[in-house]
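The lines below spell out each chain.
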Amino acid sequence: MTYRDDPEIAKKYRSKRWQKLRHFKLIQNPSCERCMKKGFYNPAKIIHHKEYITNLNYMDDDVFFNIDNLESLCQKCHNEEHFEEKKEYTF
């Protein structure tokens, strides 16, 4: 189950306030912030919450609508964050 499966969280992502903030962040940072750190310039498509949104914190506007908690990402970087297995390295 993902956060968007929760109707209350999904509703917040559909809100005008979130859409305006998302749009502002994409204008402010139109390139993927993680790729830029590596010297690559890929267009950002997704606004990612650095502190993940959960059933416990989605009502906290200081988390959900805090621009300092947002990151502009390309699809690849967002997928790596959420969907690829976290690799453990042993030395």
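In this text, all values refer to a predicted model and were calculated from it rather than measured experimentally. Per-chain numbering applies: the sequence of each chain, read as written, is numbered from 1 onward. The predicted nature of this model means local features are confined to residues of pLDDT at least 70 and side-chain atom pairs, given and counted, to a pLDDT of 80 or more, with totals for whole chains, interfaces and linings taken over all residues. As a rule here, side-chain values cover all heavy atoms of the structure and leave hydrogens and water aside.

S.K.: Mind showing me how you'd approach the packing of aromatic side chains here?
M.R.: Describing an aromatic ring pair means giving the distance of the ring centres and the angle of the ring planes. We call Phe, Tyr and Trp rings a pair once their centres come within 6.5 Å, taking the six-membered ring for Trp, and we label the pair stacked below 30 degrees between planes, edge-to-face above 60, and tilted otherwise. The final tally for this structure, using the stated rule, is four aromatic pairs. Taking the centre distance of 5.4 Å and the plane angle of 65 degrees together, the rings of Trp18 and Phe64 count as edge-to-face. Placement of the pair is Trp18 in helix 2 (residues 16-28) and Phe64 in helix 4 (residues 61-64), with a sequence separation of 46 residues. Relative accessibility thresholds used throughout: buried, under 20% of the residue-type maximum; exposed, over 50%; partly exposed, between the two (1.4 Å probe, protein chains only). The exposure class assigned to Phe64 is buried, which follows from its relative accessible area of 0%. Relative to Phe65, the ring of Phe64 has its centre 4.9 Å away and its plane inclined at 70 degrees; by these criteria the two rings are edge-to-face. A helix here means a DSSP run of H or I that spans at least four residues, while a strand means a run of E at least two residues long, and both kinds are numbered starting from the N terminus.

S.K.: What exactly am I supposed to notice about the pattern of salt bridges here?
M.R.: It is possible for side chains bearing opposite charge to pair when their charged atoms get close. By salt bridge we mean one thing: a side-chain nitrogen of Lys or Arg within 4 Å of a carboxyl oxygen of Asp or Glu. Taken as a whole, this structure holds six salt bridges when the rule is applied. The salt bridge involving Lys12 is made with Asp61; its shortest N-O contact spans 2.9 Å. Here Lys12, found in helix 1 (residues 7-13), pairs with Asp61, found in helix 4; they are 49 residues apart in sequence, far enough to count as distant. Of the residues examined, Lys12 reaches a relative accessible area of 12% and is grouped as buried. Taking relative accessible area as the criterion, Asp61 reaches 32% and is therefore assigned partly exposed. For Glu81, the salt bridge goes to Arg34, with nearest N and O atoms at 2.9 Å. One end of the pair, Glu81, is in helix 5 (residues 75-82); the other, Arg34, is in helix 3 (residues 33-37), and 47 residues separate them in sequence. A residue is classified by how much of its surface remains accessible, and Glu81, at 17% relative accessible area, is buried. The structure contains a network of salt bridges with shared partners spanning Lys12, Arg17 and Asp61.

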